[in-house]
Amino acid sequence: MIRVLVADDHTIVRETLVAALDASGECLVVGQAADGIDAIEQCLRLQPDIAIVDISMPRLNGIEVVRRLRAELPQIRILVLTMHQEEEYVLHMLRAGAAGYLRKDAAMAELIEAVRNLGGGGLHFGAHATRAMAMQVQQARPMPADPYRDLSPREREVFHLIVDGLTTKEIALRLDIGVKTAENHRQRVFAKLDVRNAAELVRYAARHHLID
Amino acid sequence: MSTDSAAVQTLNRRIDELMRQHAALLTQLQQDQRRTRHLARSVWRIEEEARRRIARELHDGVGQNLVALMRQLDTIAAQLPVTAANGRDGLSRARALAQATLEDTRSLSRLLRPQILDDLGLEAALRWLARSVDGLQVELVLPEPLPPLHDDTATLLFRVAQEALSNAVRHAAASLVRIVVSLRGTGWLCMDIVDDGRGCDLDAALAAGRDGHGGGLGGMRDRVNLFDGRLNLQSTPGKGFNICIELPLRTTARSEP
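Description of the packing of aromatic side chains
Residue and element names in this part refer to chain A.
Then step 1. In the structure shown here, the tally under the stated rule is two aromatic pairs over all chains.
Then step 2. When the ring of Phe159 is compared with that of Tyr204, the centres are 6.4 Å apart and the planes differ by 85 degrees; the resulting orientation is edge-to-face. Of the two residues, Phe159 is situated in helix α7 (residues 153–163) and Tyr204 in helix α10 (residues 198–207); the sequence distance between them amounts to 45 residues.
Then step 3. Classification of Tyr204 by relative accessible area gives buried; the value is 4%.

Encoded structure:
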């Protein structure tokens, strides 16, 4: 029989969870903890096969509990059971060493399946968590370079004034800056966009739909 | 002659007296200003703390009660005989209602103050924020690594980014926003937010009063000033909007997860 410890500070949630796990006949709940410190102490004493851990807990949050358990009792499989569904939580817990992640409103059948999977040495991630991991992998592609967006606000102003056909002197006058400063901005804009003159700059603006 | 010198002496004494009064008033004024800033910072912190507590209570209290309710409905459903189709339908509808209420509770809680900011810190909160605005592509560039930030600084940066994204969608009809957080020199943190929206006449926007874009921007500037920061706004109609804030890096580390 798989031996399970449940750590959750919300009494009603914890008790309904424990009742359902015990009733499943798949596992035996050997301990219950209402905060993070208690969860670690009970794990050290009871050495369960699986620890079901909530993230938001008093005294020590679930993220730290998972880290410490991984360091001190690496044989315990950890299933995160939480209200949080945002990608960042999933990734944090995964990095900390969790073997499973489920939302608390998951159907009981899925929770039992997760316990069975972890008990057999496997992993179990709910639909939300799986999606979060997929998004992370897909988003890791670098964004295509856009030199226009790398211009400073002032350089962007100068960019548009050049596009509008103003000379360096006129730009200086318009922006109330020195001609030399305006020329510097102009050169930097040219360099950042890799163009040689105003005509090429206008072509760049047209190609990138930057002209009103 | 002697009456003249007596008059000069009286005048000098009077001037000294006035200067002393002036200095005293100046000191008083400076003290009052410090007090006002201190009070304004306290009000801001108390508001954020209240939001944090209500958000947590909603998410972890009400939300989890709903979860427990759903679980109990599941247990009852599992014990019903196969023939009790009506009962099963009713329970299923009740569960769906509890689920919908749970989603509402989550949204309300996030609206007040996303817990991710307190649980995982500014970087995770900004990444979440960048993904969560419908119809807006947000590119986020952060220093690697982001130094540990004081709670106030993290909250302030998050709130400014949140307001900027909301403005970009609601007022500027932007489709792309770039947020760049960087460290400048020793002890300054900068956040530069640029959108590709329709921009606006800044003076008009700032004068627009307490509602909409103007009020939001004015409030943003006030809050940044409260924490000894600087806010710089740039915009031209048709050419996007740029918010740049600089904040002193306060070194007290927040408790990292």
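A closer look at unusual backbone geometry
Then step 1. With an omega dihedral of -5 degrees, the bond running from Glu144 of chain B to Pro145 of chain B counts as a cis peptide bond.
Then step 2. You can see Pro145 of chain B is positioned in the loop between β1 (137–141) and α5 (151–170).
Then step 3. Positive phi is not limited to glycine here, since Gln47 of chain A has a value of about 45 degrees.
Then step 4. Checked against the element boundaries, Gln47 of chain A lands in the loop between α2 (36–46) and β3 (50–53).
Then step 5. Assessed through its relative accessible area of 36%, Gln47 of chain A is described here as partly exposed.

With respect to the confidence of the model for chain B
Atom-level detail of predicted coordinates should not be read off regions where pLDDT is low.
Then step 1. Averaged over every residue, the pLDDT of chain B is 88; residues scoring 70 or more account for 93%.
Then step 2. With pTM at 0.75, the complex prediction returns an ipTM value of 0.78.

Here we look at the interface of chain B and chain A
Then step 1. Taken together, the contacts link 37 residues of chain B with 37 residues of chain A.
Then step 2. Both faces combined, the contact of chain B with chain A buries some 3200 Å², and carbon together with sulfur accounts for 51% of it.
Then step 3. Broken down residue by residue, the surface that chain B buries against chain A is led by Gln64, Arg71 and Lys239 of chain B, which jointly contribute 22%.
Then step 4. Run the count over chain B and chain A and you get five salt bridges.
Then step 5. Ionic pairing is found between Arg131 of chain B and Glu87 of chain A, a salt bridge with its closest N-O pair at 3.3 Å.
Then step 6. Put simply, chain B and chain A have 16 residue pairs in polar contact (both at pLDDT 80 or more) between them.

Observations concerning the pattern of salt bridges
All names here are of chain B.
Then step 1. For the coordinates displayed, the defined rule picks out 35 salt bridges over all chains.
Then step 2. In this structure, Arg51 engages Glu47 in a salt bridge whose closest nitrogen and oxygen atoms are separated by 3.3 Å. Taken together, the positions of Arg51 and Glu47, both in helix α1 (residues 2–79) and four residues apart, correspond to about one turn of that helix.
Then step 3. Arg51 gets classed as partly exposed once you look at its relative accessible area, which sits at 25%.
Then step 4. Residues joined in a network through salt bridges with shared partners are Glu48, Glu49, Arg52, Arg113, Asp118 and Arg159.

Brief notes about the state of the cysteines
Residues and elements named next belong to chain B.
Then step 1. Enumeration according to the criterion identifies zero disulfides over all chains in this entry.
Then step 2. Its sulfur unpaired, Cys190 is 5.8 Å from the next cysteine sulfur, which belongs to Cys244.
Then step 3. Residue classification places Cys244 among the buried positions, given a relative accessible area of 15%.

How each quantity is defined
- Residues numbered from 1 in each chain as written.
- Chains lettered and ligands numbered in written order.
- Predicted model: local features only at pLDDT ≥ 70, side-chain atom pairs only at ≥ 80, totals over all residues.
- Heavy atoms only, no water.
- Phe/Tyr/Trp six-rings, centres within 6.5 Å; stacked < 30°, edge-to-face > 60°.
- Helix = DSSP H or I, 4+ residues; strand = E, 2+ residues; numbered from the N terminus.
- Buried < 20%, exposed > 50% of the residue type's maximum accessible area, 1.4 Å probe, protein only.
- pLDDT = per-residue confidence, 0-100.
- Contact = heavy atoms within 4.5 Å.
- Buried area = accessible area lost by both parts, 1.4 Å probe.
- Salt bridge = Lys/Arg side-chain N within 4 Å of Asp/Glu carboxyl O.
- Polar contact = N/O pair within 3.5 Å; in protein donor to acceptor, adjacent residues only side chain to side chain.
- Disulfide = S-S within 2.5 Å.

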